[in-house]
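So the chains spell out like this:
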Amino acid sequence: MLHLPEAFIQFIHSTFSEEEAKLFLSSLEAPAPVSIRLNPGKSYHELALGTAIPWSAQGYYLPERPSFTLDPLLHAGAYYVQEASSMFIEQAVKQHLLPSEAPLAVLDLCAAPGGKSTHLSTLIGEEGLLVSNEVIKSRANILSENVQKWGLGNTVVCSNDPEDFQVLEGFFDAVLIDAPCSGEGMFRKDPASIKEWSPEHVQLCSARQRRIVKDIWPALKQGGVLMYSTCTYNTEENEENLAWLAEQEEVECLSLDCTAFPEVVAVEWKGMIGYHFYPHKTQGEGFFLALVRKKGETDDFYPKKSRKSFVHGLPKADGAELSTWLLEPTRWHLCLWGEHALAFPEFWKEEIEYLINNLKVVSAGVAVAEIKQKNKNPLHGLAMSQWLNHSIFPMVEVDREMALRYLKKEDIMPNTEAQGWVLICYKQTPLGWIKKMSNRANNYYPKEWRIRMDINWAEEREK
Ligand SMILES: C[S@@+](CC[C@H](N)C(=O)[O-])C[C@H]1O[C@@H](n2cnc3c(N)ncnc32)[C@H](O)[C@@H]1O
């Protein structure tokens, strides 16, 4: 039984009728639904899917919770485990941003661990550019891991404070602020959030959210769309913040057609409209989303010349060779960032170089190879990339046990005559590299990403 704070219970009673408040509170005692979003760019999905999530084309509920850690396809980026209500941002993108005349530049400002970033990356497609930011560095690394596994190559991951985006005035067609919040909507899934909750904490979160909105506002283009979301129910962190924005700036409030999902509750508040997911109405956790279009004037983005560039050209022969490691070589611009050869979509090369030179970038585009002395060693980002040219490297299919041993970074010796860089695949989906010699193989799975859990192999073999 959840021990909810008295002030929260009172708030629920003041928001809903007596009968609805009861339904709301008792729904928090029911188990949280399990859901995933499939990666349309990776081909094989083995999980038993349940019903489709109405507001997301690739979202599914699962009939039960499997051991995700022990599914190699999760590590391959074939799907992302994501709470269903959060997938509603798909409607914002589809109803207000797509189709677009020009490729979209989108910022996901508070992005770790990457649920909405991997989703946005798919939605804006290979032509778009997603800047996925997380201020806390350790969380930005996890974000980068998830974005690389997703493998679209259209994303730059960085770790900046919202105020650092001043250098990108008028850059983005859309900004998502999935704001840090008091987490009322997560009480069922994460009971620890109950302990942190208090009316004072709600006020603190609301003030922080306003600072975030204010700091990032200039980075949005005139006519651009701000998507503001939280996983909390109270008005201070939701509607009140939007009403506050409308007092400060010229905005147009955008609505969403929810005819197909009548369980989503539209709330009008001081001329603004927001969409609430309540656990007694929708199969998912608490969520809030509102959209506004920027009407006030903003200059077009104009990149200032960087004093120092961290991005360099590759020797022509190296560039020519590495581009063959990718599908559609002409769509890529290859360059050198430290010892790493990166590939960016040619269309965005100036913007991405500007981002690398002006933000704290963690990863960008496709990390193709590490260049050391005369060697070009393929990087894990390439193995995860949907653009990897599979005809360049030998591939070896492994069974589930060997896949899991590989993901634990144990020594494995797959059955192949191939020598050198070999791609380990499970159900035809790449997991990463080994370097194979005649009598042994080195496991190149990234150390920080390895499965740390102890596995009972006898039990697993029986599955
Ligand atoms: C709700 S979570 C984001 C979840 C993510 N969008 C997803 O879908 O996986 C909010 C994020 O905001 C970050 N954050 C905390 N304080 C922040 C601040 N002052 N400015 C920007 N981001 C902040 C947190 O570290 C956290 O990762």
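Quick notes on the rules
- Residues numbered from 1 in each chain as written.
- Predicted model: local features only at pLDDT ≥ 70, side-chain atom pairs only at ≥ 80, totals over all residues.
- UniProt positions renumbered as here; feature names shortened; annotations may be inferred.
- Near = placed C-beta within 6 Å.
- Helix = DSSP H or I, 4+ residues; strand = E, 2+ residues; numbered from the N terminus.
- Nonpolar A, V, L, I, M, F, W, Y, C, P; charged D, E, K, R; others polar.
- Pairing = 2+ DSSP bridges.
- Axes fitted to C-alpha atoms, helices over the stretch in contact; angles between N-to-C directions.
- Contact = placed C-beta atoms within 7 Å.
- Buried ≥ 20, exposed ≤ 12 C-beta atoms within 10 Å, placed from the backbone.

Named according to an unreviewed UniProt entry, the protein is rRNA methyltransferase originating from Shiella aurantiaca. Quoted verbatim from the Sequence similarities (unreviewed entry) field of UniProt, the annotation for the protein is "Belongs to the class I-like SAM-binding methyltransferase superfamily. RsmB/NOP family."

Caption draft 1: A look at the site of the ligand. In the vicinity of the ligand, 17 residues are found, and the nearest of them are Cys110, Gly115, Lys116, Asp178 and Pro180. Listed by contribution, the elements that provide at least two residues to the shell around the ligand are α5 (115-124) and α8 (199-216). Partitioning the shell around the ligand into residue classes produces nine nonpolar, three polar and five charged.

Caption draft 2: Just the sheet that holds strand β20 (residues 420-426), in detail. Taken in spatial order, the four strands of this open sheet run β19-β20-β21-β22, and their pairing is mixed. Single-partner strands in this sheet number two, and they are β19 (395-397) and β22 (441-443). With strand direction ignored, the average angle separating the axes of adjacent strands in the sheet is 40°. By the bridge criterion, three bridges tie strand β21 (residues 429-436) to β22 in an arrangement that is antiparallel. Bridge assignment links Ile434 to a residue of β22, and that residue is Asn443. Strands β20, β21 and β22 of the sheet are contacted by helix α13 (residues 400-407), whose axis makes an angle of about 70° with β21.

Caption draft 3: A look at the pairing of β21. Counting buried positions along β21 gives seven out of eight residues, so the element sits mostly inside the fold. By the bridge criterion, seven bridges tie β20 to β21 in an arrangement that is antiparallel. By the bridge assignment, Trp421 is partnered in β21 with Lys435. Hairpin connection of β20 to β21: two residues between the antiparallel strands, including Lys427 at a positive phi of 50°. Here β21 folds back onto β22, and the loop between the two strands holds four residues.

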